[in-house]
Amino acid sequence: MELLKIENLTKIFGGLVAVDHLSFSVKKGQIYGIIGPNGAGKTTVFNCLTGIYKPEEGTVIWKGKDITNYPPDKIANLGIVRTFQTIRLFSDMCVAENIMSGRNQISKQHWYHGLIHTPFSKRDEKKNWLKVKEIMELMNLQDYATELTKNLPYGHQRRVEIARALATEPELIVLDEPAAGLNGHETLDLTNLIFKLRDMGFTILLIEHDMNLVMNVTDYITVVNFGEKICEGTPEIVQNDPAVIEAYLGKEDADDEGDEDEN
Ligand SMILES: Nc1ncnc2c1ncn2[C@@H]1O[C@H](COP(=O)(O)OP(=O)(O)OP(=O)(O)O)[C@@H](O)[C@H]1O
Ligand SMILES: [Mg+2]
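Residues numbered from 1 in each chain as written. Chains lettered and ligands numbered in written order. Predicted model: local features only at pLDDT ≥ 70, side-chain atom pairs only at ≥ 80, totals over all residues. Heavy atoms only, no water.

### Comments concerning the sheet that holds strand β2 (residues 16–27)
- Spatially, β2-β1-β4-β5 is the arrangement adopted by the four strands of the open sheet, whose pairing is antiparallel. Of all strands in the sheet, those with a lone pairing partner are β2 and β5 (65–66), marking the two edges.
- One ladder, built from five bridges, connects strand β1 (residues 2–13) with strand β4 (residues 57–62); its direction is antiparallel. Note on β4: the bridge partner recorded for Thr10 is Glu57. (Pairing = 2+ DSSP bridges. Helix = DSSP H or I, 4+ residues; strand = E, 2+ residues; numbered from the N terminus.)

### Things to note about the sheet that holds strand β10 (residues 228–233)
- Spatial strand order, β6-β7-β8-β3-β9-β10: six strands in an open sheet with mixed pairing. Edge positions in the sheet fall to β6 (80–82) and β10, since each of these pairs with one other strand and no more. The sheet shows a mean angle of 20° between the axes of neighbouring strands, taken without regard to direction.
- The sheet contact formed by strand β7 (residues 172–176) and strand β8 (residues 203–207) spans five bridges and is parallel. By the bridge assignment, Leu175 is partnered in β8 with Leu206.
- Packed on one face of the sheet, helix α1 (residues 42–49) meets β3 (31–35), β6, β7 and β8 and runs near 140° to β8.
- Sheet strands touched by helix α7 (residues 184–199): β3, β7 and β8. Its angle to β8, the strand with the most contacts, is close to 150°. (Axes fitted to C-alpha atoms, helices over the stretch in contact; angles between N-to-C directions. Contact = heavy atoms within 4.5 Å.)

### With respect to the pattern of salt bridges
- Taken as a whole and judged by the stated rule, the model has 13 salt bridges.
- Among the ionic pairs, Asp176 bridges to Arg82, the shortest N-O distance being 3.9 Å. Of the two residues, Asp176 sits in strand β7 while Arg82 sits in strand β6, which places them 94 residues apart along the sequence.
- On the accessibility criterion, Arg82 (11% relative accessible area) is buried.
- Taken together, the shared-partner salt bridges connect Lys28, Lys63 and Glu171 into one network. (Salt bridge = Lys/Arg side-chain N within 4 Å of Asp/Glu carboxyl O. Buried < 20%, exposed > 50% of the residue type's maximum accessible area, 1.4 Å probe, protein only.)

### Some remarks on the coordination of the magnesium ion (ligand 2)
- Surrounding the magnesium ion (ligand 2) are the protein donor atoms Thr43 (OG1) and Gln85 (OE1), at 2.0 to 2.3 Å. Here the residue Thr43 occupies a position in helix α1, and Gln85 occupies one in the loop between β6 and α3 (95–106), the gap between them amounting to 42 residues.
- A relative accessible area of 7% places Gln85 in the buried class. (Donors = N, O, S within 2.8 Å, 3.2 Å for Na, K, Ca; no water.)

### Considering unusual backbone geometry
- With a phi angle near 50°, His21 is a residue other than glycine that sits in the positive phi range.
- Even without glycine at this site, Asn140 takes up a positive phi of about 60°.
- Structurally, the position occupied by Asn140 is in the loop between α5 (119–138) and α6 (154–167).

See below:
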């Protein structure tokens, strides 16, 4: 079953066509990769599909329904959640509170329930903390529950971000370069985690520059260059595609620095 379908997506900044009539679709249970050189438009696709940017053209279809231009909170409530290329956590909150902020994002509670402490709000709060505990155990973060996230090593902070995403009880988890800044050991942990999440029934859409990780975990890949799709297929097909090889090598010729710009 097609869970997410992007059709003819186009996003223009000033005169720059960041995403150019891009189409792809993600099936339920897939680990789907989006790759391409720096500045290819990958993050912009995520920003369009999570309601942060309005595309100039094209549609975002979720389970057969057109959700183009829905606001971010409505999209989160439908079951699409993302992490960011640059970690965005509440640095002065502890790990458990950060994960809880994901629960609050989808809470069905009305504001006045918190104010007057109805039985509903107490039950809901207890349920939410149990969920946070369960996620901390899954992500191996239980020993850091009361640590401020700013005091944690980078790799742990990345895990907290994914944990917060899980707290929204999503169906589709959209990860923007989750391995950025991770060491080899942490990247291996991430690989195992992605497989585990898929086994738990989540669908995963992944932007990643770490080619080992991408080729290892994904079922299917779309390659983007200058906002356009230049190839799609299994990791084997993509790896051997001349246009893909040229896009990457061409980039290296033009710019030898290992550039990692932040978004
Ligand atoms: N808010 C914005 N305003 C203007 N230009 C933007 C904006 N966001 C992105 N761009 C431009 O759109 C193009 C695509 O950027 P995007 O961040 O989507 O690339 P990317 O594929 O995610 O790159 P990277 O791998 O470096 O993260 C780039 O040229 C970028 O400078
Ligand atoms: Mg990006």
